[in-house]
Amino acid sequence: MASLKLQGIYKKYPGGVVAVSDFNLEIKDKEFIILVGPSGCGKTTTLRMIAGLEEITEGDLFIGDKYVNDIAPKDRDIAMVFQNYALYPHMSVFENMAFGLRLRKTPKEEIKRRVEEAAKILDIAHLLDRKPKALSGGQKQRVALGRAIVRNPKVFLLDEPLSNLDAKLRAQMRTALTKLHQRLETTFIYVTHDQVEAMTMGTRIVVMKDGIIQQVAAPQTLYEYPANLFVATFIGTPQMNVFDATLLDEGGKTYLKFGTDEFENKIPLPDEKGRNPEVLAYAGKDVIVGIRPECISDDPVDLEAHPDAILKCDVDVVEQLGSVTYLYLTCGAIQLTASVNARSKARHGDIVRVAIDTNRIHLFDKDTEHVIAG
């Protein structure tokens, strides 16, 4: 088992391309760390530098207390699971799982014991004699995991391992991976662009953009207290609603004014948020407002609870998902998505009144996009 420390890590390619910039992170022993971000943000490059498959341009990497910048991948005591499984088609499942151990000249009885033990953990013991072509995508993924498990590595590195699976299998494998981490009690570092995977599996999430860490936090902390507009809109499904507004300080109250002259809205912020000195510093200035879909409601109880924060909107699209309904709304020049009760009576073409929970409004600086209040 091992902790990891990445200090000032950079990856620069010829031509001045910087794939990863000033990456600093301490990973505790037995953590399940998720690197998440859009394509090209540097998350896979970071994973490959940890594995030793990419050279570190600048910075220091420690696995445990050992400096490993110049240590070969095979000597780092890590195991990597790839997106495309990387199974040998001419070998059986048993032979695929045993291959790395045979290269290390592990005794045959020990290989058999480890492979059978890993196969039992992954529920693939009945597949050991099959070739990869006879396996489903989920089974191939389990074999790839088994090949890593048998080595008893200090660190597991997983590069988008579920991206080739269908939605149902992905959901099943997310649960399987979480259980596997709990059972093995070792360090997992997992790369994905899917924020649902990140939110459901990680003990901490590292959100990346353009090779730079935007925020590192537990899933719920990221969701409720995003550090900037990018994190706020990247984490959460449906995406957070954002729109421009002017912050006003009038008569001892703080208001947000937004919309056009014809559809102008002015809603008060609760004093705890609105009278905060950091918020008041923006009085008279434009800010970016963020509100999550579940904080917009057409329920009569919520309309009564927030009488000063009601918007009149046109219903453009209604998506009924069984347990919840999404309303896609137009409020003047502003587009909003509301996640409402499945029993909502709103239908396409209706004009509805919705209430905003002002306690859960996020405010961002219009220039830097850093959070002002959340």
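Anything mentioned here points back to the structure above.
Here goes a summary of the coordinates provided. (Residues numbered from 1 in each chain as written. Predicted model: local features only at pLDDT ≥ 70, side-chain atom pairs only at ≥ 80, totals over all residues. Heavy atoms only, no water.)

**Here's the deal with the overall build of the chain**
In step 1: Per the secondary structure count, the chain includes eleven helices and 21 strands.
In step 2: Considered along the principal axes of its C-alpha atoms, the chain spans approximately 80 × 45 × 35 Å.
In step 3: The buried share of the chain, reckoned over its 374 residues, is 49%.
In step 4: Across the chain, every contact between residues at least 6 apart in sequence was considered, and the portion connecting residues at least 24 apart equals 66%.
In step 5: For the chain, the accessible area works out to roughly 18,000 Å², and carbon and sulfur atoms hold 48% of it.
In step 6: Side-chain charges of the chain comprise 47 positive and 51 negative groups, with the mean position of each set lying 10 Å from the other. (Helix = DSSP H or I, 4+ residues; strand = E, 2+ residues; numbered from the N terminus. Buried < 20%, exposed > 50% of the residue type's maximum accessible area, 1.4 Å probe, protein only. Contact = heavy atoms within 4.5 Å. Areas by Shrake-Rupley, 256 points an atom, 1.4 Å probe, with all protein chains shown as cover. Lys, Arg positive; Asp, Glu negative; His and termini not counted. Charge placed at Lys NZ, Arg CZ, Asp CG, Glu CD.)

**Quick notes on helix H2 (residues 93–103)**
Given 3.6 residues per helical turn, the α-helix brings residues three or four places apart onto the same face.
In step 1: When we look at burial in H2, the residues that qualify are Val-93, Phe-94, Asn-96, Met-97, Ala-98, Gly-100 and Leu-101.
In step 2: Looking at the buried side of H2, the elements it contacts are helix H3 (108–121) and helix H4 (137–149).
In step 3: A positive phi of about 60° marks Lys-105, the residue just after H2.

**Re the sheet that holds strand S15 (residues 296–297)**
In step 1: Spatial ordering of the open sheet is given by S15-S19-S16-S17-S18, a layout of five strands whose pairing is antiparallel. The sheet terminates laterally at S15 and strand S18 (334–341), the two strands that pair on one side only.
In step 2: Looking at chain direction, strand S17 (residues 324–331) and S18 are connected through eight bridges and run antiparallel. Bridging from a neighbouring strand, Leu-329 pairs with Leu-336 of S18. (Pairing = 2+ DSSP bridges.)

**Some details on the pattern of salt bridges**
In step 1: The tally for this structure, following the rule as stated, stands at 13 salt bridges.
In step 2: In this structure, the salt-bridge partner of Lys-12 is Glu-58, at a minimum N-O distance of 2.8 Å. You can see Lys-12 sitting in strand S1 (residues 4–13) and its partner Glu-58 sitting in strand S4 (residues 58–63), a full 46 residues away along the chain.
In step 3: Looking at Lys-12, the relative accessible area reads 36%, which means it is partly exposed.
In step 4: Between Arg-204 and Glu-31 there is a salt bridge, with the nearest N and O atoms lying 2.8 Å from each other. Here Glu-31 lies in the loop between strand S2 (17–27) and strand S3 (32–36) and Arg-204 lies in strand S9 (residues 204–209), a separation of 173 residues in the sequence.
In step 5: The class for Glu-31 is buried, based on a relative accessible area of 10%.
In step 6: Taken together, the shared-partner salt bridges connect Glu-110, Arg-113, Arg-114 and Glu-117 into one network. (Salt bridge = Lys/Arg side-chain N within 4 Å of Asp/Glu carboxyl O.)

**A look at the packing of H4 against helix H5 (residues 167–184)**
In step 1: Axis separation between H4 and H5 bottoms out at 11 Å; the angle between their running directions is 20°. As the angle between them shows, H4 and H5 are arranged roughly parallel. Remark: the crossing between H4 and H5 carries right-handed chirality. Residues Gly-138, Gln-141, Arg-142, Leu-145 and Ile-149 of H4 touch H5, and the partners they reach there are Leu-169, Met-173, Ala-176, Leu-177, Leu-180 and Leu-184.
In step 2: For the contact of H4 with H5, the residue count by class is eight nonpolar, two polar and one charged. (Axes fitted to C-alpha atoms, helices over the stretch in contact; angles between N-to-C directions. Parallel < 35°, antiparallel > 145°, perpendicular 65-115°, else oblique. Left-handed = near helix turned anticlockwise from the far one by under 90°. Nonpolar A, V, L, I, M, F, W, Y, C, P; charged D, E, K, R; others polar.)

**Side note on the sheet that holds strand S13 (residues 265–268)**
In step 1: Across the sheet, six strands lie side by side as S13-S12-S11-S14-S20-S21; this open sheet has antiparallel pairing. Two strands bound the open sheet, and with one partner strand each, they are S13 and strand S21 (371–373). The sheet shows a mean angle of 40° between the axes of neighbouring strands, direction not considered.
In step 2: Bridge count between strand S11 (residues 241–250) and strand S12 (residues 253–258): five bridges; the pairing is antiparallel. Counted as the bridge partner of Leu-247 is Leu-256 from S12.

**Topic: the environment of Glu-369**
In step 1: Counting through the fold element by element, Glu-369 comes out in the loop between strand S20 (362–365) and S21.
In step 2: For Glu-369, a relative accessible area of 32% gives the class partly exposed.
In step 3: In this structure the C-alpha to C-alpha distance between Glu-369 and Glu-264, which are 105 residues apart in sequence, comes to 24 Å.
In step 4: The contact partners of Glu-369, leaving out residues within four places of it in the chain, are Asn-228, Leu-229 and Phe-364.

**Description of the state of the cysteines**
In step 1: In the structure shown here, the tally under the stated rule is one disulfide.
In step 2: Considering cysteine sulfurs only, Cys-313 is the nearest to Cys-295, which forms no disulfide, with 15 Å between them.
In step 3: For Cys-295, a relative accessible area of 5% translates into the label buried. (Disulfide = S-S within 2.5 Å.)

**Side note on the pairing of strand S7 (residues 155–159)**
In step 1: Counting buried positions over the five residues of S7 gives five, a clear majority of the element.
In step 2: With four bridges connecting them, strand S6 (residues 78–81) and S7 associate as parallel partners. Each residue of the ladder has a partner; that of Ala-79, found in S7, is Phe-156.
In step 3: Pairing geometry for S7 and strand S8 (residues 187–192), over five bridges, is parallel. By the bridge assignment for S8, Val-155 is matched with Thr-187.
In step 4: In the classification by handedness, the crossover that spans S7, the intervening H5 and the parallel S8 is right-handed. (Right-handed = clockwise from strand over helix to strand, strands pointing away.)

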